[in-house]
Amino acid sequence: MRLHLSMDLPYPTDLPHVCERIQVDVAERVAQLTGLEVGEVILTVRRLVTAVGVNRGRVR
């Protein structure tokens with residue numbers, strides 16, 4: 001089975017690590033819930049989203 005996910009991710013982030021982790025976690029969870037083996041999880045990052053109103057370490 002192949003799954004295709006499309007999601008927004010926070011910026012900044014370690015994209016390769018986060019994407020790989022999501023793919024592994026989704027495949028494992030789907031297998032647990034359905035008993036079906038997921039051969040491939042295709043992840044599309046639609047956009048990177050910054051946190052609004054969060055102080056990014058800037059001193060005022």
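A brief look at the structure comes next. Only a predicted model underlies this, so the values are computations on that prediction, with no experimental measurement involved. (Residues numbered from 1 in each chain as written. Predicted model: local features only at pLDDT ≥ 70, side-chain atom pairs only at ≥ 80, totals over all residues. Heavy atoms only, no water.)

## Remarks on the pairing of strand β2 (residues 40-50)
Where strand β1 (residues 2-11) meets β2, ten bridges bridge the pair, whose relative direction is parallel. Its bridge partner lying in β2, Met7 is registered against Val45. Of the crossover connections in this fold, the one passing from β1 over helix α1 (residues 15-34) to the parallel β2 is right-handed. (Pairing = 2+ DSSP bridges. Helix = DSSP H or I, 4+ residues; strand = E, 2+ residues; numbered from the N terminus. Right-handed = clockwise from strand over helix to strand, strands pointing away.)

## Here's the deal with the pattern of salt bridges
Counting across every chain of the model gives four salt bridges. Here Arg46 ties to Asp8 by a salt bridge, and the two come within 3.1 Å at their closest N and O atoms. Taken together, the residues span a long stretch of sequence, with Arg46 in strand β2 and Asp8 in strand β1 at a distance of 38 residues. The partner of Asp8 in a salt bridge is Arg47, and the shortest N-O contact between them spans 3.0 Å. One end of the pair, Asp8, is in strand β1; the other, Arg47, is in strand β2, with 39 residues separating them in the sequence. Bridged by salt links that share partners, the residues Asp8, Arg46 and Arg47 form one connected network. (Salt bridge = Lys/Arg side-chain N within 4 Å of Asp/Glu carboxyl O.)

## Regarding unusual backbone geometry
Going from Tyr11 to Pro12, the amide bond is cis rather than trans, its omega being 0°. Of note, Pro12 is situated in the loop between β1 and α1.

## Description of α1
A rise of 1.5 Å per residue sets the reference length of α1, with its 20 residues, at 28 Å; its end C-alpha atoms lie 28 Å apart and thus fit the reference within 8%. Turning to α1, its buried residues are Cys19, Ile22 and Ala27. The buried residues of α1 all sit within an arc of 120° when viewed along its axis, so they share a single face. Away from its buried face, by an angle of more than 90 degrees, α1 presents the exposed residues Glu20 and Gln32. On the buried face of α1, the contacting elements are β1 and β2. Immediately downstream of α1, the backbone of Gly35 shows phi near 80°, a positive value. (Expected span 1.5 Å × (residues − 1). Buried < 20%, exposed > 50% of the residue type's maximum accessible area, 1.4 Å probe, protein only. Arc of directions from axis to C-beta. Contact = heavy atoms within 4.5 Å.)

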